[in-house]
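Working through the structure, step by step
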Amino acid sequence: MTCGSLSFVLITLAIFALLETLVHGNNVELPFDHSSDQRQRLQNGEQEFQRIRSRADHSECWEEAISRLRVGCKHLTDVEQSRLAIAFANCHFEKSGLRKYPCSENDSIEECTRDMAKSVLAFNTYTEFYTHTSDICFYLQSKVWQQKTEDTINKLSSTSNVVANQLEVSLTNQQKVLEGQESSLSNQGEILKNEAYLKSALKTSAESAKEAFLDMKKATAQQKAVLMETFDSLFKGVDRITKLQSMLLGEFMTLHSLGFYLVSILACYIITSAPRTAAARLWLFGVLSAHIVIERLIVRWNITDKESQQSGTTT
């Protein structure tokens, strides 16, 4: 149920409750349920009320009695009806120049009518007004009910217009909501399609990345093997070059030393050719021989040390 429909139902229930209150709360029959006796009571009550109201224009007593009548009819009981009849009778007695019968709120009905019962005219007047009071209250309550009914109908008409406008606005809002829901469903469908496409694309991308990674891993392994072979070949070549260098260096040192020592021997021989230096020839040859041995040991030690360092670096 929409908000507009709920408001309409609540307002309708409130109106029926108000009508029931007006009818039962005021103890008045509905006009269309009136019997002939009730219509006669309404007519009599209206006539008596109009006659009393015309008198109220010229008498303070009648004016006060009518004011009390409007209040007393709302909660009309036998006691209140009797007090209203006594008030009307006293006003009639006052206008006619007859004796009045005071009746305060603290006095009972018996006390108020005790002296009145001694006069047939006074008691008959009280009795007549007692009957008229019932008809007048019936008439006044009917008028009140009619007025409240008219007000209620006017409010109902105004409320119906408001509810109709609310229903129209509610219908417009519902149409907008439906359009929004259709648009939302369409957008959700597009989102689901895009999600499926994205999922497929991500799956394909993941598979491609996996294949690329495997290919790269394989290529890296192949490159590593090639590099290892290259470095092995390079290290072997360096080792060969080192050995060749050592051999060439050794040969070069041997030729150089041989020339040096030959020249040294020749020089020693020439220097010791004289008789005075002949004794030193043997010592000079011994020193040269020792020098040759020491030099060869140093050269071999250097070559061996370089070879061991290169072997450790290669490893």
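Residues numbered from 1 in each chain as written. Predicted model: local features only at pLDDT ≥ 70, side-chain atom pairs only at ≥ 80, totals over all residues. Heavy atoms only, no water.

To continue, consider the overall build of the protein chain. Across its full length, the protein chain holds seven helices and zero strands. Counted from the first residue to the last, the protein chain has its helices and strands arranged as α-α-α-α-α-α-α. When burial is assessed residue by residue, the protein chain has 23% of its 315 residues classed as buried. Sequence separation of at least 24 residues holds for 66% of the intrachain contacts in the protein chain that already meet a minimum separation of 6. Split by element, the accessible area of the protein chain, about 22,900 Å² in all, is 61% carbon and sulfur. (Helix = DSSP H or I, 4+ residues; strand = E, 2+ residues; numbered from the N terminus. Buried < 20%, exposed > 50% of the residue type's maximum accessible area, 1.4 Å probe, protein only. Contact = heavy atoms within 4.5 Å. Areas by Shrake-Rupley, 256 points an atom, 1.4 Å probe, with all protein chains shown as cover.)

Counted under the stated rule, the structure contains five salt bridges. One salt bridge in this structure joins arginine 68 and glutamate 105, with 2.9 Å as the shortest N-O distance. Highlighted residues: arginine 68 in helix α3 (residues 60–72) and glutamate 105 in the loop between α4 (78–96) and α5 (109–114), separated in sequence by 37 residues. The exposure class of glutamate 105 is exposed, given its relative accessible area of 55%. Of the charged contacts in the structure, one is a salt bridge between glutamate 94 and lysine 100, with a shortest N-O distance of 3.8 Å. For glutamate 94, a relative accessible area of 42% translates into the label partly exposed. Members of the salt-bridge network, linked through shared partners, are Arg68, Glu80 and Glu105. (Salt bridge = Lys/Arg side-chain N within 4 Å of Asp/Glu carboxyl O.)

To continue, consider the state of the cysteines. Here the structure, examined in full by the defined rule, presents three disulfides. Put simply, cysteine 61 and cysteine 91 are joined by a disulfide, and their sulfur atoms are 2.0 Å apart. In this structure, the disulfide formed by cysteine 61 and cysteine 91 twists by about -90 degrees around the S-S bond and is classed as left-handed. Here cysteine 61, found in helix α3, pairs with cysteine 91, found in helix α4; they are 30 residues apart in sequence, far enough to count as distant. Each sulfur of the disulfide joining cysteine 73 and cysteine 137 lies 1.9 Å from the other. In this structure the cystine formed by cysteine 73 and cysteine 137 twists about its S-S bond by roughly -70 degrees; its chirality is therefore left-handed. Taken together, the positions of cysteine 73 in the loop between α3 and α4 and cysteine 137 in helix α6 (residues 120–271) put the pair 64 residues apart, joining distant regions of the chain. Of the two residues examined, cysteine 73 and cysteine 137, each falls in the buried class. Bonded cysteines in the protein chain are paired 1-3, 2-6, 4-5 when counted in the order they occur along the chain. (Disulfide = S-S within 2.5 Å.)

The next subject is the packing of aromatic side chains. If you walk through the whole model with that rule in mind, you get six aromatic pairs. Between tryptophan 62 and phenylalanine 129 the ring centres are 6.2 Å apart and the planes differ by 50 degrees, which places this aromatic pair in the tilted class. Here tryptophan 62, found in helix α3, pairs with phenylalanine 129, found in helix α6; they are 67 residues apart in sequence, far enough to count as distant. Under the relative-accessibility criterion, phenylalanine 129 is labelled buried at 7%. (Phe/Tyr/Trp six-rings, centres within 6.5 Å; stacked < 30°, edge-to-face > 60°.)

We now examine a nonpolar patch on the surface. On the surface, a cluster of nonpolar side chains totalling about 370 Å² of accessible area is made up of Leu227, Phe231, Leu234 and Phe235. Inspection of the secondary structure assignment puts leucine 227 in helix α6. Among the residues examined, leucine 227 registers a relative accessible area of 48% and is labelled partly exposed. (Patch = residues over 30% accessible without salt bridge, like charges linked within 9 Å, V, L, I, M, F, W, Y side chains within 5 Å.)

What follows is about α3. Over its 13 residues, α3 extends 18 Å from the first C-alpha to the last, a length consistent with the 18 Å expected when each residue adds 1.5 Å. The complete set of buried residues in α3 reads Cys61, Trp62, Ala65, Ile66, Leu69 and Gly72. Taken end-on, α3 shows its buried residues confined to a sector of 135 degrees, consistent with a single buried face. Set apart from the buried face of α3 by more than 90 degrees, the exposed residues are Glu60, Glu64 and Val71. (Expected span 1.5 Å × (residues − 1). Arc of directions from axis to C-beta.)

Okay, the environment of leucine 140 next. With respect to the helices and strands, the residue leucine 140 is situated in helix α6. For the pair leucine 140 and leucine 42, spaced 98 residues apart in the sequence, the C-alpha separation amounts to 8.8 Å. Ignoring sequence-local partners within four residues, the contact set of leucine 140 consists of Phe49, Leu69 and Cys73.

So far we have only geometry, and geometry alone does not tell us how the molecule works.
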